[in-house]
Amino acid sequence: MQQQYYMFQAQKKKENREDYIDILCGEDTEMENDYCDSIVDNINNHITHDVIEYIAGAIVRKIKKIIQCNECAAVLSANNNCSLIDIKTRGYLIKPSKDVTDICIKAERVFKSNTVLIKQKSNPINTLIVKTTSTIEINKLFQTLNNHILNQSPLHNHLLQLIKNILLYYFKIRIHHYNKNQSQPQQRIRSALTKIIHFKHQ
């Protein structure tokens, strides 16, 4: 019987394997919204790409704080050319690897085409993760880990854990930002004191 290898410090001893089975067996369904083409065009925009890359760097920093496997931690970051990070950094920002950025781009496409799930479900993250992994070619991601995961459980190896946690943190960030925007007034009443005055004649 193959042993389960946990790579994160805060990970539970017993974890539901169905989550990883869903990742492996997710159906590659077409996005249901009519505006998928515009979503793809928007994400291909270099500004959107830079922002996603910036978020991916923050996710890498978060994961590296709790990861226990040095070999897996090494594949999360790379010395790539990241225009927004290069502008914003003062030596402290992390540049994500291409694989991490690609996963986040896939996640953004799924998020924008399934925003209705956020309104319908109290916790849509697991559904969004499964939808995203159904569009990912897992065997092409983090190929330097191919030998590393040979002796690990196929349903609970480090590769699946990495992908799941990258998507988990990305959707947490995006859902928080989405809900924050939705809770804001649609039209500002004043250009000043916007945090104090929320309606007319206050």
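Here, every reference points to the structure presented above.
Residues numbered from 1 in each chain as written. Predicted model: local features only at pLDDT ≥ 70, side-chain atom pairs only at ≥ 80, totals over all residues. Heavy atoms only, no water.

Student: Sorry if this is basic, but what is going on with the overall build of the chain here?
Tutor: Each helix and strand in the chain was counted, giving nine helices and zero strands. When its helices and strands are written in sequence order, the chain yields α-α-α-α-α-α-α-α-α. For the chain, the proportion of its 202 residues judged to be buried stands at 39%. Nonlocal contacts in the chain, meaning residues at least 24 apart in sequence, comprise 71% of its contacts between residues at least 6 apart. (Helix = DSSP H or I, 4+ residues; strand = E, 2+ residues; numbered from the N terminus. Buried < 20%, exposed > 50% of the residue type's maximum accessible area, 1.4 Å probe, protein only. Contact = heavy atoms within 4.5 Å.)

Student: Got a minute to help me understand the packing of aromatic side chains in this structure?
Tutor: The final tally for this structure, using the stated rule, is two aromatic pairs. Both rings, one in Y170 and one in F171, keep their centres 6.2 Å apart while their planes meet at 80°; by these two values the pair is edge-to-face. The class of Y170 is buried, set by a relative accessible area of 0%. (Phe/Tyr/Trp six-rings, centres within 6.5 Å; stacked < 30°, edge-to-face > 60°.)

Student: Explain helix α9 (residues 158-183) to me, please; I cannot follow it from the model alone.
Tutor: Think of an α-helix as turning once every 3.6 residues; residues three or four places apart then point the same way. For α9, spanning 26 residues, the distance from its first C-alpha to its last is 37 Å, which sits close to the expected 38 Å at 1.5 Å a residue. Between a side-chain oxygen at the N-terminus of α9 and the backbone nitrogen of L159 the separation is 3.1 Å; the capping residue is N157. (Expected span 1.5 Å × (residues − 1). Polar contact = N/O pair within 3.5 Å; in protein donor to acceptor, adjacent residues only side chain to side chain.)

Student: Which parts of the structure should I look at to understand a positive patch on the surface?
Tutor: Residues R61, K62, K65 and K172 make up a contiguous surface patch of positive charge. It is helix α3 (residues 46-66) that contributes the most residues to the positive patch, three residues altogether. Inspection of the secondary structure assignment puts K62 in helix α3. (Patch = residues over 30% accessible without salt bridge, like charges linked within 9 Å, V, L, I, M, F, W, Y side chains within 5 Å. Areas by Shrake-Rupley, 256 points an atom, 1.4 Å probe, with all protein chains shown as cover. Salt bridge = Lys/Arg side-chain N within 4 Å of Asp/Glu carboxyl O. Lys, Arg positive; Asp, Glu negative; His and termini not counted. Charge placed at Lys NZ, Arg CZ, Asp CG, Glu CD.)

Student: I keep staring at the pattern of salt bridges and nothing clicks. Help me out?
Tutor: Side chains that carry opposite charge are capable of pairing whenever their charged atoms lie near each other. If you walk through the whole model with that rule in mind, you get four salt bridges. A salt bridge links K112 to E108; its shortest N-O distance comes to 3.7 Å. Here E108 and K112 lie together in helix α6 (residues 98-113), a separation of four residues that amounts to about one turn. Using a relative accessible area of 21% as the deciding quantity, one classes K112 as partly exposed. According to the relative accessible area criterion, E108 is buried, its value standing at 3%. K140 serves as the salt-bridge partner of E137, at 3.2 Å between the closest nitrogen and oxygen. Residue classification places E137 among the partly exposed positions, given a relative accessible area of 47%.

Student: Explain the packing of α3 against α6 here, please?
Tutor: Close contact between α3 and α6 brings their axes to 9 Å; oriented N to C, the two are set at 115°. α3 and α6 meet at a crossing whose hand is right-handed. Within the contact between the two elements, α3 uses H49, I52, E53, A56, I59 and V60 and α6 uses V100, T101, C104, I105 and E108. Looking at the contact of α3 with α6 residue by residue, the class counts come to seven nonpolar, two polar and two charged. (Axes fitted to C-alpha atoms, helices over the stretch in contact; angles between N-to-C directions. Left-handed = near helix turned anticlockwise from the far one by under 90°. Nonpolar A, V, L, I, M, F, W, Y, C, P; charged D, E, K, R; others polar.)

Student: Before we go on, may I ask you to explain the state of the cysteines in this structure?
Tutor: Throughout this description, disulfide means a covalent bond between two cysteine sulfur atoms. One pass over the structure, following the stated rule, counts zero disulfides. With no disulfide of its own, C72 lies 3.5 Å from the sulfur of C69, the closest cysteine sulfur. For C72, a relative accessible area of 0% gives the class buried. (Disulfide = S-S within 2.5 Å.)

Student: It is not clear to me how α6 should be interpreted in this structure. Could you clarify?
Tutor: Between the first and last C-alpha of α6 there are 23 Å, a value that for 16 residues agrees with the 22 Å anticipated at 1.5 Å per step. Listed as buried for α6 are V100, T101, I103, C104, I105, A107, E108, V110, F111 and S113.

Student: Sorry if this is basic, but what is going on with the side chain of T101 here?
Tutor: Tracing the sequence through the fold places T101 in helix α6. With sequence-adjacent residues up to four places away left out, T101 is seen in contact with H49, I52, E53, A56 and P96.

Student: How should I be thinking about the side chain of S134 in this particular structure?
Tutor: Inspection of the secondary structure puts S134 in the loop between α8 (125-133) and α9. A relative accessible area of 11% places S134 in the buried class. At 2.6 Å, the side chain of S134 and the backbone oxygen of K131 are in polar contact.

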